[in-house]
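# Chains, contacts and geometry: an overview
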Amino acid sequence: MTVPRSLLFVPGGRADMIAKAPRSSPDAIAVDLEDAVAADDKVAARRTATENLPDAGSLVLVRVNPPATPWHDDDVEAVAATAAGVVLPKYEDPAQLRDLRARIGDRPVVVGIETARGVARARDLLDGADVTAAYFGAEDYIASIGGRRTPSSHEVLFARSEVLLAARLAGVGALDQAVVNVRDTDFFRRDAGEGRDLGYDGKICIHPTQVTLAHEVFTPSEEEVAHARDVVEAGRAGVGVVNGEMVDDVHLRMAAATLQRAGDAAERSSTRVDGAEA
């Protein structure tokens with residue numbers, strides 16, 4: 001399954017917001033029963049979420065509460081009765097994923113690595129894991145180690161990189177940290193660009209306006225695609241230089257990856273035009 005460029009979270013207790021989620025055309029929607037729902041509202045939100053899941057061209061998942069909480073088992077049972085995939089937060093032990101798989105079968109799963117224990121075990125957690133993607137949760141991670149969030153994100157660079165490396169070694173997708181200031185579009189674009197530079201495939205979004213920005217950053221530009229085609233063509237012709245830059249095997253592989261990303265993005269757009277969101 002193609003890794004989403006955008007994973008838009010919407011509160012599970014808000015039927016109106018769930019219904020509006022497809023309008024921004026995110027690649028994936030996560031109806032959230034965890035952070036977006038207060039403890040006293042968990043049961044009601046579970047019912048609201050599972051009864052109002054969007055029928056859209058996007059991948060639809062439900063973020064259940066973490067395994068250690070009193071709501072987890074009932075959340076999984078409720079989601080299993082739908083067609084949705086699952087977002088498993090606070091992933092810290094492979095047994096948690098095995099238990100989830102035993103209950104929901106082969107539907108899509110995205111796991112959240114967002115605690116000190118999760119980051120420390122990221123490679124073991126993702127090695128051989130049957131998941132579509134893993135996301136890095138910076139806010140929960142920094143809270144778990146007693147740090148402070150800063151605009152630079154220097155305090156989470158190691159963990160952000162470790163989750164990405166673990167995902168790459170395991171061959172699963174990687175989704176970058178959220179930007180909680182939903183009004184600062186310039187900051188989101190910059191932070192997403194840094195995540196793309198590190199190697200992430202997409203980004204967590206917590207507001208519809210962030211979806212468009214994520215797609216801009218994680219979809220190769222026309223210039224990038226044109227350059228990638230020139231590199232591939234040069235490789236076929238045995239030319240060693242393109243636009244003054246050396247071309248060797250690593251550049252050919254990077255060019256092929258760029259063209260693959262562009263192709264995936266075009267396929268998503270075509271699906272939305274021809275499919276459920278037309």
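See the structure above.
Since the structure is predicted, the reported quantities are computational estimates derived from the model, not experimental observations.

Another point: the pairing of strand S8 (residues 202-205). Bridging between strand S1 (residues 6-11) and S8 involves three bridges; their strand directions are parallel. Bridging across to S8, Leu7 finds its partner in Ile204. Alignment of strand S7 (residues 173-176) against S8, held across two bridges, turns out to be parallel. Residue pairing for S8: Asp176 is matched across the bridge by Lys203. With helix H9 (residues 185-198) bridging S7 and its parallel neighbour S8, the resulting β-α-β unit is right-handed.

Attention now goes to the sheet that holds strand S4 (residues 85-88). With parallel pairing, eight strands are arranged side by side around a closed barrel as S1-S2-S3-S4-S5-S6-S7-S8. Averaged over all adjacent pairs, the angle separating strand axes in this sheet is 25°, with direction ignored. Relative to S7, strand S6 (residues 133-136) runs parallel, the two sharing three bridges. Bridged to Ala134 within S7 is Ala174.

So, on to H9. Every α-helix carries 3.6 residues per turn, so stepping three or four residues along brings you back to the same face. For H9, with 14 residues, the first-to-last C-alpha span of 20 Å sits near the 20 Å given by 1.5 Å per residue. For H9, every residue scored as buried is listed here: Phe187, Phe188, Asp191, Ala192, Gly193 and Gly195. In this structure, the buried side of H9 is in contact with helix H8 (157-170), S7, S8 and helix H10 (208-218).

On to the packing of H8 against H9. At a minimum axis separation of 10 Å, H8 and H9 run at an interaxial angle of 50°. By the criterion of interaxial angle, the relationship of H8 to H9 is oblique. You can see that H8 and H9 cross each other, and the crossing is right-handed. The residues of H9 that touch H8, namely those facing Leu157, Arg160, Ser161 and Leu164, are Asp191, Glu194, Gly195 and Leu198.

Per the counting criterion, the structure on display carries 21 salt bridges. The salt bridge involving Arg123 is made with Glu162; its shortest N-O contact spans 2.8 Å. Of this pair, Arg123 sits in helix H6 (residues 122-126) while Glu162 sits in helix H8, placing them 39 residues apart in sequence. You can call Arg123 partly exposed: its relative accessible area is 40%. Accessibility expressed as a relative area gives 13% for Glu162, which makes it buried. Where Asp191 meets Arg160, a salt bridge forms, and the shortest distance between an N and an O atom there is 3.7 Å. On the criterion of sequence distance, the pair formed by Asp191 in helix H9 and Arg160 in helix H8 is long-range, its members being 31 residues apart. Taken as a pair, Asp191 and Arg160 share a single burial class, namely buried.

Rules used throughout
- Throughout, residues of each chain are indexed from 1 in the direction in which the sequence is written.
- Since the coordinates come from a predicted model, pLDDT governs what is reported: local features require at least 70, and pairs of side-chain atoms require 80 or more to be given and counted, while whole-chain, interface and lining totals use all residues.
- Only hydrogens and water are set aside; all other atoms, that is, all heavy atoms of the structure, feed into the side-chain values.
- Criterion used throughout: strands pair if DSSP finds at least two bridges between them.
- By the criteria applied, helices consist of DSSP H or I runs no shorter than four residues and strands consist of E runs no shorter than two, each listed in order from the N terminus.
- Whether a crossover is right-handed comes down to one check: with the strands pointing away from the viewer, does the path from the first strand over the helix to the second run clockwise; if it does, it is right-handed.
- Fitted lines through C-alpha atoms serve as axes, helices being fitted only where they are in contact, and the angles separating the N-to-C directions of these axes extend from 0 to 180 degrees.
- To estimate the expected span of a helix, subtract one from its residue number and multiply by 1.5 Å.
- Remark: exposure states derive from per-residue accessible area (1.4 Å probe, protein chains only) relative to the maximum for the residue type, with buried under 20%, exposed over 50%, and partly exposed in between.
- We call two residues contacting when some pair of their heavy atoms lies within 4.5 Å.
- Reported orientations rely on four angle classes, namely roughly parallel under 35 degrees, roughly antiparallel over 145, roughly perpendicular from 65 to 115, and oblique for the rest.
- Crossing handedness: left-handed means the near helix sits turned counterclockwise from the far one by under a right angle, and right-handed means the same turn made clockwise.
- Here a salt bridge means any side-chain nitrogen of Lys or Arg lying within 4 Å of a carboxyl oxygen belonging to Asp or Glu.

On their own, these measurements won't tell you what the molecule is for.
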